[in-house]
Structure formats: structure tokens, C-alpha cells
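Below are the chains, spelled out letter by letter.
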Amino acid sequence: MIKQILNRLPRKPSKSAENRDGAISTSSSNSSGGLRSGDVASSRSGNHNATSLPGLNSNSNSGISHGNKNPQALNSKVNGNANVSSYEALPSFRDVPNSEKQNLFVKKLNLCCVVFDFTDPTKNLKEKDIKRQTLVELVDYVTSANGKFAEVVMQEMIKMVSTNLFRTLTPQPRENKALAGFDLEEEEPVMDPAWPHLQIVYEFLLRFVASPETDAKLAKRYVDHSFVLRLLDLFDSEDPREREYLKTVLHRIYGKFMVHRPFIRKAINNIFYRFIFETEKHNGIAELLEILGSIINGFALPLKEEHKLFLVRALIPLHKPKCIPMYHQQLSYCITQFVEKDCKLADTVIRGLLRYWPITNSSKEVMFLGELEEVLEATQPPEFQRCMVPLFRQISHCLSSSHFQVAERALFLWNNDHIANLIKQNRKVILPIIFPFLEKNATSHWNQAVQSLTLNVRKIFSDTDPELFEECLLKYKEDEAQEEEIKVKREATWKRLEEIAAMKATSNEAVLVPRKITPHTQSG
């Protein structure tokens with residue numbers, strides 16, 4: 001059967017077909033390896049629309065169609081004992097002459113297109129072992145290749161990878177649970193039972209993409225938009241080992257196939273939009289952000305409008321979901337990269353953080369304060385001045401938080417020299433906003449560490465500008481006296497109400513209280 005398949009392989013396309021698809025011949029020396037920009041294929045030669053090639057919907061296994069990414073049309077899935085009787089190991093590469101190695105390589109690829117059922121560990125043990133050994137041989141062959149991969153071979157390689165990797169992911173038993181980050185961290189992830197084979201297939205794909213013998217201009221016919229989208233779908237796998245491999249593979253694809261870069265960024269955007277505004281359920285957000293952190297780091301200046309829109313529409317709203325602890329570290333890195341690239345974005349980022357600032361989640365608030373410190377460290381005075389009033393209104397509430405970690409984290413901002421200098425330069429605006437909260441902390445906060453840190457911050461202001469400090473202290477005392485006066489009047493009103501109610505308690509007469517309360521006008 002394998003011989004029949006090999007005999008029916010399509011011949012090399014004609015030159016006219018190559019020109020239509022924008023591909024180059026297999027003998028091209030413009031190869032790429034790793035993520036070096038100099039090795040990436042030029043986007044000028046290639047199919048920017050990544051249109052499907054003929055044969056995409058073919059259901060025949062006897063012939064191989066260009067661009068076919070449908071696993072059901074490409075492989076035999078073994079459920080039970082079907083198709084296993086003829087499953088035999090093929091000769092080793094070292095047992096055949098060099099002229100036969102490519103044909104043997106294709107035969108081994110086809111042999112590995114049989115997918116076994118791993119839900120029952122007792123099934124097809126011999127066949128599974130044969131396939132595993134064959135996959136290891138394929139990885140070694142790709143790693144040691146010393147000539148350009150022919151187009152037919154690339155086609156078979158992508159077919160084998162697609163057949164094994166592109167599958168329906170294991171249903172998530174946690175879907176109906178509240179997605180609090182700490183709950184997810186405590187639960188054990190679901191490990192894919194097929195990982196002994198999947199891992200080698202991922203390693204094979206990684207070596208293929210990274211190989212200098214893989215011509216990017218030719219390979220993009222098969223590592224196309226459809227292939228990339230299906231790879232991105234796999235990021236929702238619960239198995240962290242699979243997501244780690246996917247992260248590395250996608251990063252390599254992004255580096256090697258320059259023509260796919262805008263499409264990959266847009267596809268990741270769409271995953272984020274669905275996660276933020278619809279489901280709030282996805283296992284691979286952290287890994288996708290890790291890839292983006294590296295991509296953002298390589299953005300050229302000045303930043304394109306597309307990249308700024310990505311920051312505003314995707315990255316900043318990622319602070320909204322409840323499960324942010326699962327990916328906050330990677331998100332914070334991406335945000336900070338943007339501010340370091342373009343300091344004018346600091347105002348946009350800080351106001352975005354304030355928009356999604358948590359109200360009742362103290363652990364999330366501590367994370368926000370940590371991220372805010374990183375952003376402020378990259379913020380220049382003009383941007384700081386634009387957002388300092390709403391920023392320190394929020395920080396003042398954090399300073400007096402009854403949760404000691406929130407208050408402590410807010411007070412730690414003064415330990416950062418850059419932030420302390422920004423505050424010092426704008427103390428005439430900032431101190432009046434936060435002074436009442438500092439005073440209340442110093443006298444009445446229940447946590448001793450918070451009290452001590454508050455006294456240190458007060459001393460910084462007192463030493464820097466004694467006149468301003470005294471002015472704020474005087475205003476604070478006036479406001480406190482006025483507040484006390486209002487409180488006394490309020491208590492007197494309630495006391496009078498109680499006395500009148502007691503006098504008329506035995507009768508059915510309604511209790512009326514004359515309105516003698518002076519209008520309350522808040523100061524400040």
C-alpha cells in the first residue's frame with residue numbers, strides 16, 4: 001500500500017505554477033535557520049493571502065494534495081485493532097544507500113500518519129513502540145540533513161505533523177468553575193496520554209522549522225495561514241508541556257516566515273479579544289504573551305499605529321479577567337516594553353490601569369501596584385504630570401487600605417529613586433492629595449509595619465519642603481475640626497430624636513422632629 005502511495009506522489013510543479021504561487025525552486029540558497037532577522041525570507045516573494053492550494057478538500061489518501069491540512073483526509077486513525085495487522089517497522093536509514101534515503105524518509109513519514117488510541121494503555125503496544133522509534137529516527141534525519149528539503153518531502157512532513165497534532169483537545173472539566181487564578185494554580189493540569197508520541201512530533205516540527213535546509217519561500221506553501229491558525233488553537237491545551245513546545249515552535253515560525261508576521265499578530269489579537277470579552281477561559285494566554293513580549297522587544301521605532309492599537313485594545317483590557325494571576329507576569333512585561341519603546345505611551349498605560357483597577361480583590365491590587373511601579377520607572381516627567389492627579393487619588397486609597405499588603409506595597413513606591421524624584425518634583429500637587437491618608441495611617445492603622453513606613457514617607461515630605469508640609473498639616477487639622485463639628489451636630493440630632501420618641505412612646509401620635517440641621521458643605 002505504501003508503495004502505491006509513493007508511486008502516485010505528484011511530480012514537481014511546472015515553472016508557471018511556481019510563479020503563480022510565488023514560491024522558489026528547491027535548489028534556492030536563500031534558507032533560514034533560527035530566529036535571526038537576516039535569515040528570514042523576504043515578504044516580497046510569497047503568497048501574502050495564503051490562499052488554499054488545489055486539493056484542500058480531497059478525501060482520498062491515495063494521492064497527496066498541495067495545502068491539504070485536513071487530518072481526517074490524511075491518515076488512518078486506529079481505534080481498536082483496525083489497520084494494525086500490517087503495521088511493521090521499516091529499515092533503518094543506515095541500512096539503505098544514500099540514493100534511497102529520501103524515499104525511505106517519505107515511507108517513514110507515511111507510517112507515522114497512523115494515530116493510535118492512548119486512552120487504553122494496553123492497546124497496540126507493539127505498534128506504538130514502532131511508531132515512537134520511527135519518529136525518533138525522523139527527528140535525527142531532519143537534524144542531520146545536509147541538503148535542501150524537496151517540495152514533495154516538505155509536503156509529506158507537514159502532512160504527518162498535521163495528522164498527529166491537529167486534534168480535538170481534551171474537554172476541560174474546569175469550565176464551569178469560577179476562574180479565580182489561585183484556584184487554577186492549585187489544580188493539577190490535565191496531561192495528554194498521547195504525549196510520548198506528541199512530544200517527538202513537536203520536536204520534529206521544531207527541527208524542521210529551524211533547519212537551515214528548510215527553504216522558507218518554498219515551505220510557506222505548507223506552513224501557511226491555515227497551519228498557523230490550527231497551531232494557535234492548540235494553545236488552549238491543558239498540558240503545560242504541549243504549550244511550552246507550541247510557544248517555541250510559533251516563535252520560530254514568526255522569525256523564519258516574515259510573510260506570516262502580520263497574520264500571526266492579528267490571530268493572537270483575536271484570541272485575546274475572545275478571551276477578554278466572551279469566555280475568560282483559555283489555557284495559553286501566558287505563553288502567547290511570552291511570545292509577544294519577544295516580538296514587542298523587536299519592534300522598530302517609531303511604533304506603528306497598529307502596534308499602539310494592540311496595546312490599547314488588547315493588552316490593557318487583559319487586566320480585566322479574574323484569572324489575571326495566571327498570566328500577569330508576562331502581561332506586565334509586555335506593557336513595560338511598550339513604555340520603554342515609547343515613553344509617551346506611559347500616560348495611556350497608567351490611565352488604562354486605573355480604568356481596570358480592582359475594588360474588592362486585594363491580591364489583584366497588589367499585582368497592579370507592582371506593575372505600576374515598573375511602568376513609572378520608565379515614565380518621564382511630562383507624561384507623569386499628565387496623569388499624576390488621578391493616579392495619586394487612587395494611590396491615596398491604597399495607602400489607607402485595611403489590607404496591610406496593599407498599603408505596604410503602595411508605600412514601597414517611595415523606595416524607588418526614580419519614582420521618589422518624580423513625586424518630589426511635583427510635591428505641590430501630590431502632597432495635598434495624599435496627606436490626609438498619611439496622617440490617618442500614622443495615627444490609626446492597625447498594622448505596625450504600615451505605620452512605620454508611613455512615618456518614613458511623612459518625614460521625606462517634611463524634610464523636602466517643610467513649608468508645604470506645615471500648610472497641608474494646618475489644612476488637615478481644619479478639615480478634621482470641621483468634620484468633628486458636623487459629627488457632634490449629627491449626634492445631637494439623633495439624641496433629640498430619641499428623647500422625643502421616648503416621650504411619646506405610650507401614645508399613637510407620630511413623632512415629628514423639627515429640622516434644625518445646618519446644611520453640610522464638604523471642604524476640599
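Remember, it's a predicted structure, so these values are computed and weren't measured experimentally. (Residues numbered from 1 in each chain as written. Predicted model: local features only at pLDDT ≥ 70, side-chain atom pairs only at ≥ 80, totals over all residues. Heavy atoms only, no water.)

(A) Spatial organisation of the packing of helix H17 (residues 381-399) against helix H19 (residues 417-425). Contact pair H17 / H19: the axes reach a minimum separation of 11 Å and the direction vectors enclose 80°. Between H17 and H19, the angle falls in the class roughly perpendicular. Of H19, the residues touching H17 (which contributes Pro381, Phe384 and Phe392) are Leu422, Ile423 and Gln425. When grouped by side-chain class, the residues that make up the contact of H17 with H19 number five nonpolar, one polar and no charged. (Axes fitted to C-alpha atoms, helices over the stretch in contact; angles between N-to-C directions. Helix = DSSP H or I, 4+ residues; strand = E, 2+ residues; numbered from the N terminus. Parallel < 35°, antiparallel > 145°, perpendicular 65-115°, else oblique. Contact = heavy atoms within 4.5 Å. Nonpolar A, V, L, I, M, F, W, Y, C, P; charged D, E, K, R; others polar.)

(B) Local environment of a negative patch on the surface. A grouping of Glu480, Glu483, Glu484 and Glu491 is seen on the molecular surface, where their side chains present a negatively charged patch. Considering the arrangement of structural elements, one finds Glu480 in helix H22 (residues 466-503). Relative accessible area serves as the criterion here: at 37%, Glu480 is assigned to the partly exposed category. (Patch = residues over 30% accessible without salt bridge, like charges linked within 9 Å, V, L, I, M, F, W, Y side chains within 5 Å. Areas by Shrake-Rupley, 256 points an atom, 1.4 Å probe, with all protein chains shown as cover. Salt bridge = Lys/Arg side-chain N within 4 Å of Asp/Glu carboxyl O. Lys, Arg positive; Asp, Glu negative; His and termini not counted. Charge placed at Lys NZ, Arg CZ, Asp CG, Glu CD. Buried < 20%, exposed > 50% of the residue type's maximum accessible area, 1.4 Å probe, protein only.)

(C) Representation of the environment of Leu288 in the model. For Leu288, the position within the fold is in helix H12 (residues 285-297). For the pair Leu288 and Lys247, spaced 41 residues apart in sequence, the C-alpha to C-alpha distance is 7.0 Å. With near-sequence residues (within four places) excluded, Leu288 lies in contact with Leu232, Phe235, Ile268, Ile271, Phe272 and His282.

(D) Spotlight on the nonpolar core. Of all hydrophobic cores here, the largest spans 134 residues; its most connected members are Phe208, Phe272, Leu315 and Phe392. It is helix H7 (residues 195-210) that contributes the most residues to this core, 10 residues altogether. Ignoring sequence-local partners within four residues, the contact set of Phe208 consists of Val142, Phe149, Met154, Met157, Ile158, Thr214, Ala219 and Val223. (Core = buried A, V, L, I, M, F, W, Y, C linked by side-chain atoms within 4.5 Å.)

(E) Examining helix H10 (residues 240-256) more closely. Look at H10: 24 Å from first C-alpha to last across 17 residues, which is about the 24 Å you get at 1.5 Å a residue. Considered for burial, the residues of H10 that qualify are Glu242, Arg243, Tyr245, Leu246, Lys247, Val249, Leu250, Ile253, Tyr254, Gly255 and Lys256. If you follow the buried residues of H10, they end up packed against H7, helix H8 (216-219), helix H9 (225-233), helix H11 (261-279) and H12. (Expected span 1.5 Å × (residues − 1).)

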